[in-house]
Amino acid sequence: MQKVSSTRAFAKVAPHVIPALDRAVHRLTRGKVLLSAQLLPGVILTATGARSGQPRRTPLACMPEEGGASWILIGSNFGRTGHPAWTANLLAHPDAEISWKGTDIPVTAVLLAGEERAAAWKALLVFWPPYATYQARVEREIRLFRISPR
């Protein structure tokens with residue numbers, strides 16, 4: 001699956017299919033199941049829209065840290081050129097909520113930079129090596145956020 005997720009074809013199709021399936025299954029199972037979490041841990045992020053001010057729900061892969069005390073969210077956008085919209089939402093409104101394994105948790109997001117980002121990136125590449133392919137495909141630096149319970 002790691003090889004498939006690194007392909008350009010996956011990057012074209014996945015953003016249109018996976019989030020919609022994840023939202024539907026998450027809703028039907030009352031927050032207990034995310035299809036994409038069968039490969040990688042995942043959350044449903046509810047953040048305030050940067051421009052609209054409306055709640056925006058986005059299924060995301062994540063890397064749990066410190067026994068579940070925090071999570072890293074990766075703005076890879078499947079290796080596509082632009083930053084995903086949810087990253088702008090967190091930059092504008094860092095207080096958000098995640099659904100983690102059926103539990104809603106209020107969180108605060110911090111954009112990682114410098115040595116902190118480098119350490120998280122290194123851990124991510126061990127966790128899911130295709131992120132290296134995504135980064136090589138784009139000129140922008142993939143945004144990483146650490147989210148922690150409020």
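Predicted model only: the values in this text are computed from it and were never measured. (Residues numbered from 1 in each chain as written. Predicted model: local features only at pLDDT ≥ 70, side-chain atom pairs only at ≥ 80, totals over all residues. Heavy atoms only, no water.)

## A short note on a nonpolar patch on the surface
So, point 1. A cluster of nonpolar residues, Val13, Val17 and Leu21, forms a patch on the protein surface that exposes about 240 Å² of accessible area.
So, point 2. Considering the arrangement of structural elements, one finds valine 13 in helix 2 (residues 8-28). (Patch = residues over 30% accessible without salt bridge, like charges linked within 9 Å, V, L, I, M, F, W, Y side chains within 5 Å. Areas by Shrake-Rupley, 256 points an atom, 1.4 Å probe, with all protein chains shown as cover. Salt bridge = Lys/Arg side-chain N within 4 Å of Asp/Glu carboxyl O. Helix = DSSP H or I, 4+ residues; strand = E, 2+ residues; numbered from the N terminus.)

## Focus: the sheet that holds strand 5 (residues 103-111)
So, point 1. Read once around its circumference, the closed barrel built from 6 strands follows the order 1-2-3-6-5-4, with strand pairing classed as antiparallel. Sheet twist, expressed as the mean angle between neighbouring strand axes with direction ignored, is 40°.
So, point 2. When strand 2 (residues 55-65) meets strand 3 (residues 70-75), the two strands line up antiparallel, connected through 4 bridges. Across the sheet, residue glutamate 65 finds its bridge partner in strand 3, namely serine 70. (Pairing = 2+ DSSP bridges. Axes fitted to C-alpha atoms, helices over the stretch in contact; angles between N-to-C directions.)

## Section: unusual backbone geometry
Negative phi characterises most residues that are not glycine, and trans characterises most peptide bonds.
So, point 1. Even without glycine at this site, asparagine 77 takes up a positive phi of about 55°.
So, point 2. Relative to the assigned elements, asparagine 77 resides in the loop between strand 3 and helix 3 (85-92).

## Observations concerning the pattern of salt bridges
So, point 1. Within the structure shown, the criterion is met by 4 salt bridges.
So, point 2. The partner of glutamate 116 in a salt bridge is arginine 146, and the shortest N-O contact between them spans 2.7 Å. You can see glutamate 116 sitting in helix 4 (residues 114-127) and its partner arginine 146 sitting in strand 6 (residues 143-149), a full 30 residues away along the chain.
So, point 3. Look at glutamate 116 and you get partly exposed, because its relative accessible area is 42%.
So, point 4. Residues joined by salt bridges that share partners form a network here, namely Glu65, Glu116 and Arg146. (Buried < 20%, exposed > 50% of the residue type's maximum accessible area, 1.4 Å probe, protein only.)

## As for the environment of histidine 83
So, point 1. Residue position: histidine 83 is located in the loop between strand 3 and helix 3.
So, point 2. Considering only alpha carbons, one finds histidine 83 and arginine 140, 57 residues apart in sequence, at a separation of 8.0 Å.
So, point 3. Setting aside residues up to four positions removed in sequence, histidine 83 forms contacts with Asn77, Arg140, Glu141 and Arg143.
So, point 4. Reaching out from histidine 83, the side chain makes a polar contact with the side chain of arginine 140 at a distance of 3.2 Å. (Contact = heavy atoms within 4.5 Å. Polar contact = N/O pair within 3.5 Å; in protein donor to acceptor, adjacent residues only side chain to side chain.)

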